[in-house]
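# Structural description and commentary
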Amino acid sequence: MAKHVFLTGPPGIGKTTLIQKATEALKSSGVPIDGFYTEEVREGGRRIGFDVVTLSGRRGTLSRLGSDSSTARREYRVGQYIVDLVSFEHLVLPVLRNVDLGSDTGKKVYVIDEIGKMELFSRSFIQAVRQTLTGSGTTILGTIPIPKGKPLGLVEEIRSRRDVMVFNETGVCVLFAELHYFHCFHLHFHTCFFLSTSRFPLQACQHCCRGRIAGRVYSLF
C-alpha cells in the first residue's frame, strides 16, 4: 500500500502551488506536518534564483544566477544557476533529521519540494530523504522532476518504490485528502487527485477511494 505521494510535471506547471495549498489544508486539520518548499526569487521581473522556505517560516538561498566566467572551487551548477549547498543543507537537514524513524505513534507528514538536480548535489540530503522514506512514522508529500536527460538516481529510486504514488500534475485542480485516525491516533494519509474540466466534471475517483469519500475536500484553484 502506498504511503508517500509525489507530484511530477514540467517546470512552472504549479507543483509548488499545489503543495502549498495541500500543506495549508493539512495544517488546518491539525495534521502534524513539517518540511520545506522551493520558491522562485525575482528581481525586476527577472528570475535570479531560488530560495528554500521551511514550513516554520525560515528562508535560505538555494541558488542564484552565476557568471559564465565563474571559476569558484567546489562550484555546483545547474544551467545558469550556482547552487549554495551550504545554505541549503543548513536549512533543510535539521528539518529532516527530526524524523522519528521508529515510532508509529507519532505519525507525521513531511513536505519535500523538491527532489531535483540542485538538491541532489547534497549527499547528506539524499541520505536524509532515504531515511524519511523508510521511517515507519513518516509520510512524504513531495515533488520530483519529469524524466529528462541523464536519470537522477534518487528520483528513479522513488519512482520504483512500491510505497510511492506518483501523479503527473497536468491540469490537476483539486486535492482530496482523506484523513482517518485509528488506534492511538495513528494517521492514515490517503490522497487522490481529480481532473476538473468542462468536459469532465469534478468527481471522486471511485477506484482509489473505493467509493468511500469520507474526508474533506480542498479546492485549490
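Here, the structure is the one placed above.
The following refers to the structure shown. (Residues numbered from 1 in each chain as written. Predicted model: local features only at pLDDT ≥ 70, side-chain atom pairs only at ≥ 80, totals over all residues. Heavy atoms only, no water.)

### Here we look at the overall build of the protein chain
Summing up its helical and strand segments, the protein chain has five helices and 12 strands in all. Counting the 221 residues in the protein chain, one finds 45% classified as buried. Taking all contacts inside the protein chain whose residues are at least 6 apart in sequence as the whole, residues at least 24 apart take part in 63%. In the form shown here, the protein chain has an accessible surface area of approximately 11,900 Å², with 51% of it arising from carbon and sulfur atoms. (Helix = DSSP H or I, 4+ residues; strand = E, 2+ residues; numbered from the N terminus. Buried < 20%, exposed > 50% of the residue type's maximum accessible area, 1.4 Å probe, protein only. Contact = heavy atoms within 4.5 Å. Areas by Shrake-Rupley, 256 points an atom, 1.4 Å probe, with all protein chains shown as cover.)

### Topic: the nonpolar core
Of all hydrophobic cores here, the largest spans 32 residues; its most connected members are I115 and F125. Looking at this core, the elements that each hand over two or more residues are strand 3 (46-54), strand 6 (81-83), helix 2 (85-96), strand 7 (108-112), helix 3 (123-134), strand 8 (138-145) and helix 4 (153-160). In terms of residues, this core owes the most to one element, helix 2, which gives six residues. Among all residues touching I115, those that are not within four sequence positions of it are F6, L120, F125, V129, T143, I144, P145, L154, V155 and I158. (Core = buried A, V, L, I, M, F, W, Y, C linked by side-chain atoms within 4.5 Å.)

### Things to note about the packing of aromatic side chains
Evaluated as defined, the whole model comprises five aromatic pairs. Here F36 and F88 contribute two aromatic rings whose centre-to-centre distance is 6.1 Å and whose plane-to-plane angle is 80 degrees, an arrangement assigned as edge-to-face. Residue F36 is found in strand 2 (residues 33-43), and its partner F88 is found in helix 2; the two are separated by 52 residues along the sequence. F88 carries the same exposure label as F36, and that label is buried. Taking 5.5 Å as the distance between ring centres and 65 degrees as the angle between the ring planes, the aromatic pair formed by F50 and Y81 counts as edge-to-face. In this pair, F50 is assigned in strand 3 and Y81 in strand 6, connecting sequence segments 31 residues apart. A residue is classified by how much of its surface remains accessible, and F50, at 16% relative accessible area, is buried. (Phe/Tyr/Trp six-rings, centres within 6.5 Å; stacked < 30°, edge-to-face > 60°.)

### Overview of unusual backbone geometry
Peptide bonds are mostly trans, and most non-glycine residues show a negative phi. The omega torsion across D113 and E114 is 10 degrees, close enough to zero to call that bond cis. For E114, the position within the fold is in the loop between strand 7 and helix 3.

### A short note on the pairing of strand 3
Where burial is concerned, most of strand 3 is hidden: seven out of the nine residues are buried. Pairing of strand 2 with strand 3 involves eight bridges; the strand directions are antiparallel. Considered in strand 3, the bridge of Y37 is made with V53. Between strand 2 and strand 3, which pair antiparallel in sequence order, lie two residues; one of them, G44, sits at a positive phi of approximately 60 degrees. Here five bridges tie strand 3 to strand 4 (residues 59-65), and the two strands are oriented antiparallel to one another. Across the sheet, the residue bridging to V52 is G60, located in strand 4. Between the antiparallel neighbours strand 3 and strand 4 lie four residues, among them G57 with a positive phi of about 100 degrees. (Pairing = 2+ DSSP bridges.)

### Topic: the packing of helix 2 against helix 3
At their nearest, the axes of helix 2 and helix 3 sit 10 Å apart, and the two run at 20 degrees to each other. Judged on the interaxial angle alone, helix 3 and helix 2 are roughly parallel. Seen from above, helix 2 lies across helix 3 with left-handed handedness. In this structure, helix 2 uses F88, E89, V92, L93 and L96 to contact helix 3, whose residues at the interface are S124, F125, A128, V129 and T132. Looking at side-chain class alone, the contact of helix 2 with helix 3 contains seven nonpolar, two polar and one charged residues. (Axes fitted to C-alpha atoms, helices over the stretch in contact; angles between N-to-C directions. Parallel < 35°, antiparallel > 145°, perpendicular 65-115°, else oblique. Left-handed = near helix turned anticlockwise from the far one by under 90°. Nonpolar A, V, L, I, M, F, W, Y, C, P; charged D, E, K, R; others polar.)

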